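Structure at a glance
Spelled out, the chains give:
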Amino acid sequence: MPIWRRNLYILMVSQFLVLSAMSMVVPFLPLYLQELGMKNPAEVQLWAGLVFGANFLTSCLMAPVWGTLADRYGRKIMVLRSGFGMSVVIMLMGLATSPLQLLLLRMLNGTISGFIPASISLTATNTPKEHAGYALGLLQSGAVAGSIMGPFIGGVLAEVIGFREIFFLTGILLGLATLVVLLAVKEVKRPEPTSQSTGFWDEGSAILHQRPLVILFTVGFLLQFAVLGPMPQMPGYVQKLGAPGGYVAFFAGLVTAVTGLANMLASPVLGRLGDRYGSEKVLFFAMLGAAVLFIPHAWVHHVWQLLLLRFLLGLCVGGLLPSLNTLVRQYAPKGKESTAYGYSTSAVSLGNMLGPVICGYLSGRIGITGIFYVTAALLFLGAWWLKTGLKFASSAMHDSPVEKHATGDHAPPIR
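What comes next concerns the included structure. (Residues numbered from 1 in each chain as written. Predicted model: local features only at pLDDT ≥ 70, side-chain atom pairs only at ≥ 80, totals over all residues. Heavy atoms only, no water.)

A closer look at the overall build of the protein chain
Within the protein chain, the regular secondary structure consists of 17 helices and zero strands. Against the 2.2 N^0.38 benchmark of 22 Å for 415 residues, the protein chain shows a C-alpha radius of gyration of 21 Å, consistent with a compact globule. Across its three principal axes, the protein chain shows a C-alpha extent of roughly 60 × 50 × 40 Å. Of the contacts formed within the protein chain by residues at least 6 apart in sequence, a portion of 84% connects residues at least 24 apart. For the protein chain, the exposed area adds up to about 17,600 Å²; of that, 71% sits on carbon and sulfur atoms. The averaged location of the 16 negative side-chain charges in the protein chain is 5 Å from the averaged location of its 27 positive side-chain charges. (Helix = DSSP H or I, 4+ residues; strand = E, 2+ residues; numbered from the N terminus. Rg over C-alpha atoms; globule rule 2.2 N^0.38 Å. Contact = heavy atoms within 4.5 Å. Areas by Shrake-Rupley, 256 points an atom, 1.4 Å probe, with all protein chains shown as cover. Lys, Arg positive; Asp, Glu negative; His and termini not counted. Charge placed at Lys NZ, Arg CZ, Asp CG, Glu CD.)

This is the structure in structure tokens:
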């Protein structure tokens, strides 16, 4: 088996475990806060949101830093640093005695994370270019599967072994997965020594002065904002449509699960299409497809119609992040791929955080059906910005010998 394939399969399983660990606390987090002494229901809900979001906030802030260090010292070492670090911190969450301690540990977990961008960068830089889209799509499948199964596994384990024990078990499994990465994953293409001489701000400036990358970061923010924005409103929408048998919680979870399942199935396939026809085309048409499918979300009259639309939406969503990551690799300056992925991760995380918050506020004014139209408009805007922005930026780079020399492999403009 080629080294890149072995790396890919190991990192895919590792991403599954990491995303499972990060999302496993969702079903029982309010209950765990009650066990830590909180009694007021409103206070519990407030702190549940704070504790859950703290991880992603610090991760968003630190991702560019870890990306820069990965370009200097290697991507595998960043995977190991994050994996072993999160393993310890997650086990410490099981020893928390107050909500404040749990909040601080979640912030620390986000601070030292960086596992996902480091894995993406390691896969992208150590995989042949003709297989990059497929590899990143398969990696995305592992991540999506973890985010889907994490809450389910957490809910089951909470009933079987208790809240605190889940943190210990998760930390141990994550540590074992990272140990497998240490022993079995081989980083063939390591950073060159000359890339270690510049400072963090210089590294960031070099990335942010690449116009195609800034366009891709903006697109990443828009697509995550649009896709995740309506998610917290879906249980209320399922209730409004009338869940069969009155099982609102079950069908609300099913609406999320079918989207993730379709995403997981489509990611490797669309990744292969990106390798064959160009990732920019796959990303463009996937965003158009998602935008079109969000519009009839506002027209459904039955939960089964919503489930069908969510499954079809997941098929389009499966082509978004893998194609985006492939393009980031193509446009990143040579030797700065991890830094570019760090900034891309920050943009995506920002969309993950702001989308649900802003759409939640807007839903009180325009309703959930209005949110679907807003989401579709944002995705249309993102697709237009991708096509026109990349075409213009690519033409400018082609005319600029300085920028052309500074960057690595460039994707062709969208036709």
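Things to note about the pattern of salt bridges
This model, assessed by the stated rule, comprises three salt bridges. When the shortest N-O distance is used, the salt bridge between arginine 164 and glutamate 35 registers 3.4 Å. With arginine 164 in helix α8 (residues 163-184) and glutamate 35 in helix α2 (residues 29-35), this pair connects stretches of sequence that are 129 residues apart. Given the relative accessible area of 25%, arginine 164 is considered partly exposed. (Salt bridge = Lys/Arg side-chain N within 4 Å of Asp/Glu carboxyl O. Buried < 20%, exposed > 50% of the residue type's maximum accessible area, 1.4 Å probe, protein only.)

Observations regarding helix α10 (residues 211-228)
For α10, with 18 residues, the first-to-last C-alpha span of 26 Å sits near the 26 Å given by 1.5 Å per residue. Across the 18 residues of α10, 13 count as buried, placing the element largely inside the fold. (Expected span 1.5 Å × (residues − 1).)

A word on the packing of aromatic side chains
One pass over the structure, following the stated rule, counts nine aromatic pairs. Look at phenylalanine 251 and tryptophan 304: their rings are 5.5 Å apart centre to centre, the planes differ by 90°, and that puts the pair in the edge-to-face class. In this pair, phenylalanine 251 is assigned in helix α12 (residues 248-277) and tryptophan 304 in helix α14 (residues 303-317), connecting sequence segments 53 residues apart. Taken together, a centroid distance of 5.1 Å and an interplanar angle of 70° make the contact between phenylalanine 284 and phenylalanine 285 edge-to-face. Judged by its relative accessible area of 11%, phenylalanine 284 falls in the buried class. Judged by its relative accessible area of 55%, phenylalanine 285 falls in the exposed class. Site record: aromatic cluster; members linked through ring pairs are Tyr32, Phe163 and Phe167. Over the ring of tryptophan 66 we find arginine 81; its NZ or CZ atom is 3.6 Å from the centre of that ring. The ring centre of tyrosine 134 lies 3.9 Å from the NZ or CZ of arginine 272, which sits over that ring. (Phe/Tyr/Trp six-rings, centres within 6.5 Å; stacked < 30°, edge-to-face > 60°. Lys NZ or Arg CZ within 6 Å of the ring centre and 35° of its normal.)

Description of the side chain of threonine 125
Within the element layout of this structure, threonine 125 appears in helix α6 (residues 115-125). Polar side-chain contacts of threonine 125 include one of 3.2 Å to the side chain of asparagine 126. With residues near it in sequence (within four places) discarded, threonine 125 still touches Arg75, Lys189 and Glu337. (Polar contact = N/O pair within 3.5 Å; in protein donor to acceptor, adjacent residues only side chain to side chain.)

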